[in-house]
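Working through the structure, step by step
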Amino acid sequence: MLKKIKLDIKDFFKICFIDVRTDVLFFLGILLLLFWMPIEYGARYINVQTAGEIITGSLILLLFKQKNNFFYKYPLWAISIFWIGVLSLSLLFSSSKLLSMEELLRNLMYISLPIIVFGWADSESRRKLLSYTVIGAGSLVSIIGIAFFLFYYIKTLNMEAAAMPLTRSNDLGAYLLLIFPLALSNFLYEEKRYLDKFLYAFTACLSLVTIIFTFSRGIWLTSIFSVILILIFGFRILKKNIISLVVMGILAFIPIVIKWDSIVNRFLSIQNIFNTSENSIEWRKSLLRGALNMFYDNPIIGSGLNTFSQVFPFYQDTAGYYSINPHNYYLQLLAETGIMGFFTFIILILSILYMSFKAFINSENIFKGISLGLLVGIISSLIHISLDIEWSVSAIPILFWIEVGILISIYGAVGFKETRFTTLSDRFDYIKKPVSFVIAIFLILISFSNYEASILYAKSMFFTQENNLENAKKYNYWARSVLPVNSAKFLNSYSELLVKENKFEEALEFSKKAIISDRYSSNYYKTYSDILMKIDPVKHKDMALETLITAVTYNPYMHPKLYKQVADFYLIQMNKPYEAIKFLKTGASNFPIFNLYNYERFTPDHRYQLYLLYKLLGSLSSKDSPVTSKDYSRVAKFLLETEPETPSTIINKQLSKPALTVKNYWKDIKNKKDTRIYIYKDAKFDLPPKELDFEFIDYINIEHRLFTMNVEYMLSVKNNDEKRNLIVKDILILTEGGWQIFKRDIED
């Protein structure tokens, strides 16, 4: 028996790896995409995404070594090429070309994966091997998710939703939505290999338990829907598996008794998903309104791929109702790529679903189970992306499109070679290889250059903080040189370096280019305004003010500091206190205190921006409205003395916000407590004397940098009956425990 199993496995792998070197390399690439991407936080960061894109490009080149050119027969070539063309057009007209280029690279990777899988999976053994591999990846992710869940529960006796290794519970659930139906369906249809049947049952139970432990109601509902679909389409096979299904259900629900009441209460709260008391529906409605308004303004080709996060603030109608996307992939596609992108994607998806259904209907035995599981998983994912943002985490669309490739390869093997899809596809044979080659080179070279540019820019910022302007400019230049499109961030940073060298005219040009490259971002207008005032404060005063007001116009509900910047300009440069008050009141109205938590969570300095706004408003109102002035000052005091909520259970509450770290540091200094918790291990500054007599006066400025936060504030220090004010500039970095002080500069 054991000998026969060994022979079967040996024969299986012989068929899968005919050209040993090429096929092993190919399968290794698929393994990396399926196993490495999800455990690296879902491939949400640029280094892992770049690796995925380079691997995909390399796999395309490996396909060229196949003598049969099987990937030419991929039935969706025509619509895939058209989809790539529409996305490229979206990049051309994008409002932020760097963001769009990065998203184009990701989409090239995604759309290439089914072609790659189809080209390699030219036998039943290879299709089955890929199915095993997908299920194996799902098992690994489920094991990691449950392990972290149990570790935290044992350590704290508190229920924390399962989220690892994808870091977000909804993303973990969305990933397993593509695994659970496949494992369950394979279990139902596997009749010959009992070891395989056991492994399918194991993965189905494991993924189901993990899904339940995510506490994601949307995932639960979609999972129930997927089970119903499998029961409907696979009803003929159910009779043979009734007892097994009951046993699986019992085993899957045994771990749930750990905290039965919490799970039941969460499940019963599904009825409240659309209850406005949960604040979810109003927030989603605001996102949807904004996305639709973006589409109305750019109906043909949209605002550009991946630009929602930058453009949406212009359409935002409530502080705090912000997200990097509208929690609806289809609406995001409509807003970012217009009618052309939206309908092309819909045609692509309908074509995939048509072929998937045909593959299921005409398959037999285990491949009927594989087809059904993949079909249901794909449908479930397509439903859930209308409710959440999981496709922004690359590991999930990577898995989705690999599953599409397996399904299309099954479709191609069950007698559907001559259809309207393949006939249309055959017309493009002469361009398939050149297009594939261009995509491969684009994925390898452009992805690498984009990643290298980010590394060079990080080095430039490091030298900027060290005040080494020569090296900072050099690395910034190299970063801009390796990118095929302009980066507003790089241009603005170079402009600031030129300002430090008093090269104002040249700096103004780079600052202007930064604004043109990303006009919706508020990060670059202040630089441009400041440079105008340095060149000629009399001549450019109106233009400098208009620049600051433009930043507010594009971001009316994003940053309280934008209103204070305009108010400061009216006050200092134009001596118009009443205009300053007017702008400050608008800012206070747009950022109501009772809604503070909703908007301060997006950036760690909104509470302190608002504090400075109310403080100035109180000061300016004291002459004409002393009572109102006291109210504003009271609000400012409240903002300074209260602490932001800490939603994370991992980050130390004392270090949850940069300004909070600074405040608590000096508070513990005064109380003669240990302050090591606030200081980064490689910090580069001297500690204050133990007997220092000081008073914390006020924050001056708090601003983001690439990897750090700059907090500027004033201390009053008493020395031999002599008081002097010190301006302290702290640089903080975000660590696993929270924000810690890394560097400090002090000015008298």
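The structure presented is a predicted model; accordingly, all values stated were derived computationally and were not measured.

Rules used throughout
- Residues numbered from 1 in each chain as written.
- Predicted model: local features only at pLDDT ≥ 70, side-chain atom pairs only at ≥ 80, totals over all residues.
- Heavy atoms only, no water.
- Helix = DSSP H or I, 4+ residues; strand = E, 2+ residues; numbered from the N terminus.
- Contact = heavy atoms within 4.5 Å.
- Areas by Shrake-Rupley, 256 points an atom, 1.4 Å probe, with all protein chains shown as cover.
- Axes fitted to C-alpha atoms, helices over the stretch in contact; angles between N-to-C directions.
- Parallel < 35°, antiparallel > 145°, perpendicular 65-115°, else oblique.
- Left-handed = near helix turned anticlockwise from the far one by under 90°.
- Nonpolar A, V, L, I, M, F, W, Y, C, P; charged D, E, K, R; others polar.
- Expected span 1.5 Å × (residues − 1).
- Buried < 20%, exposed > 50% of the residue type's maximum accessible area, 1.4 Å probe, protein only.
- pLDDT = per-residue confidence, 0-100.
- Patch = residues over 30% accessible without salt bridge, like charges linked within 9 Å, V, L, I, M, F, W, Y side chains within 5 Å.
- Salt bridge = Lys/Arg side-chain N within 4 Å of Asp/Glu carboxyl O.
- Phe/Tyr/Trp six-rings, centres within 6.5 Å; stacked < 30°, edge-to-face > 60°.

Digging into the overall build of the protein
For the protein, the helix and strand inventory stands at 31 helices and five strands. Nonlocal contacts in the protein, meaning residues at least 24 apart in sequence, comprise 69% of its contacts between residues at least 6 apart. Surface exposure of the protein reaches about 34,000 Å², of which carbon and sulfur atoms provide 60%.

Focus: the packing of helix α17 (residues 365-384) against helix α18 (residues 395-413)
Taken N-terminus to C-terminus, the directions of α17 and α18 make an angle of 140°; their axes are 10 Å apart at the nearest point. Classified by the angle between their axes, α17 and α18 sit oblique to one another. Our pair here, α17 against α18, has a crossing hand that is left-handed. Taking contact as the criterion, the partners of Phe367, Ile370, Ser371, Leu374, Leu375, Ile378, Ser381 and Leu382 in α17 are, on α18, Phe400, Glu403, Val404, Ile406, Leu407 and Ile410. Split by residue class, the contact of α17 with α18 holds eleven nonpolar, two polar and one charged.

Section: helix α23 (residues 504-517)
Compared with the 20 Å implied by 1.5 Å per residue over 14 residues, the 20 Å span of α23 between its first and last C-alpha is a close match. Within the sequence span of α23, burial applies to Ala507, Leu508, Phe510, Ser511, Ala514, Ile515 and Ser517. Contact partners of the buried residues in α23: α5 (97-120), α21 (469-482), α22 (488-500) and α24 (525-535).

Here we look at the environment of Arg634
Of note, Arg634 is situated in helix α30 (residues 626-641). By relative accessible area, which is 53% here, Arg634 ends up exposed. Taking the C-alpha atoms as reference points, Arg634 and Tyr614, separated by 20 residues in sequence, lie 8.8 Å from one another.

Comments concerning the confidence of the model for the protein
Per-residue confidence for the protein gives a mean pLDDT of 86; residues scoring 70 or more make up 90%. A low-confidence stretch, residues 647-651 (pLDDT under 50), is modelled with nine contacts involving residues beyond four sequence positions or located in other chains.

Here's the deal with a nonpolar patch on the surface
Together, Ile242, Ile243, Val246, Val247, Ile250, Leu251 and Ile254 make up a nonpolar patch on the protein surface, roughly 680 Å² of accessible area in all. Along the chain, the position of Val246 falls in helix α12 (residues 242-253).

Regarding the pattern of salt bridges
Side-chain pairs of opposite charge can arise whenever the charged atoms involved come near each other. Scanning all chains against the criterion turns up 16 salt bridges. The closest approach of N and O atoms between Arg676 and Asp674, which form a salt bridge, is 2.7 Å. Looking at Arg676, the relative accessible area reads 65%, which means it is exposed. Its salt-bridge partner being Lys729, residue Glu747 comes within 3.1 Å of it at the nearest N-O pair.

Describing the packing of aromatic side chains
The geometry of an aromatic ring pair comes down to the distance between the two centres and the angle between the two planes. Overall, the coordinates contain 43 aromatic pairs when judged by the stated rule. Ring centres of Phe215 and Trp220 lie 6.3 Å apart, and the angle between their planes is 45°; on these two criteria the pair is classed as tilted. Judged by its relative accessible area of 12%, Phe215 is buried. Residue classification places Trp220 among the buried residues on the basis of a relative accessible area of 6%. Geometrically, the ring pair formed by Phe314 and Tyr520 is tilted, given 6.0 Å between the ring centres and 55° between the ring planes. Taken as a pair, Phe314 in helix α15 (residues 308-315) and Tyr520 in the loop between α23 and α24 lie far apart in primary sequence, 206 residues in all. For Phe314, a relative accessible area of 31% translates into the label partly exposed.

Details of the packing of α21 against α22
Remark: α21 packs on α22, axes separated minimally by 10 Å, with the N-to-C direction vectors making an angle of 155°. It follows that α21 is roughly antiparallel to α22 by the angle criterion. The handedness of the crossing between α21 and α22 comes out as left-handed. In this structure, α21 uses Leu469, Ala472, Lys473, Asn476, Ala479 and Arg480 to contact α22, whose residues at the interface are Phe490, Leu491, Ser493, Tyr494, Leu497, Leu498 and Lys500. Along the lines of polarity and charge, the residues of the contact of α21 with α22 split into eight nonpolar, two polar and three charged.

Comments concerning the side chain of Asn492
For Asn492, the location among the structural elements is in helix α22. For Asn492, a relative accessible area of 6% translates into the label buried. Contact partners of Asn492, with chain neighbours within four places excluded, come to Ser511, Ala514, Asn523, Tyr524 and Thr527.

A short note on unusual backbone geometry
Note the cis peptide between Met164 and Pro165, where omega equals 5°. Considering the arrangement of structural elements, one finds Pro165 in the loop between α6 (124-156) and α7 (169-177). For Ala43, which is not glycine, the phi dihedral falls at a positive 60°. Following the sequence through the fold, Ala43 ends up in the loop between α2 (20-39) and α3 (46-63).

Side note on the environment of Asn306
Among the secondary structure elements, Asn306 is positioned in the loop between α14 (280-297) and α15. Classification of Asn306 as buried rests on a relative accessible area of 19%. It is 5.8 Å that separates the C-alpha atoms of Asn306 and Leu99, two residues lying 207 residues apart in sequence. Among all residues touching Asn306, those that are not within four sequence positions of it are Leu99, Glu103, Arg106 and Glu336.

A short note on α17
Compared with the 28 Å implied by 1.5 Å per residue over 20 residues, the 29 Å span of α17 between its first and last C-alpha is a close match. Within α17, 17 of the 20 residues are buried, which leaves it mostly tucked inside the rest of the structure.

Description of the side chain of Thr307
Structurally, Thr307 is set in the loop between α14 and α15. The class of Thr307 is buried, set by a relative accessible area of 0%. Filtering out sequence-adjacent residues up to four positions away, Thr307 remains in contact with Ser94, Ser95, Ser96, Ser100 and Glu336.

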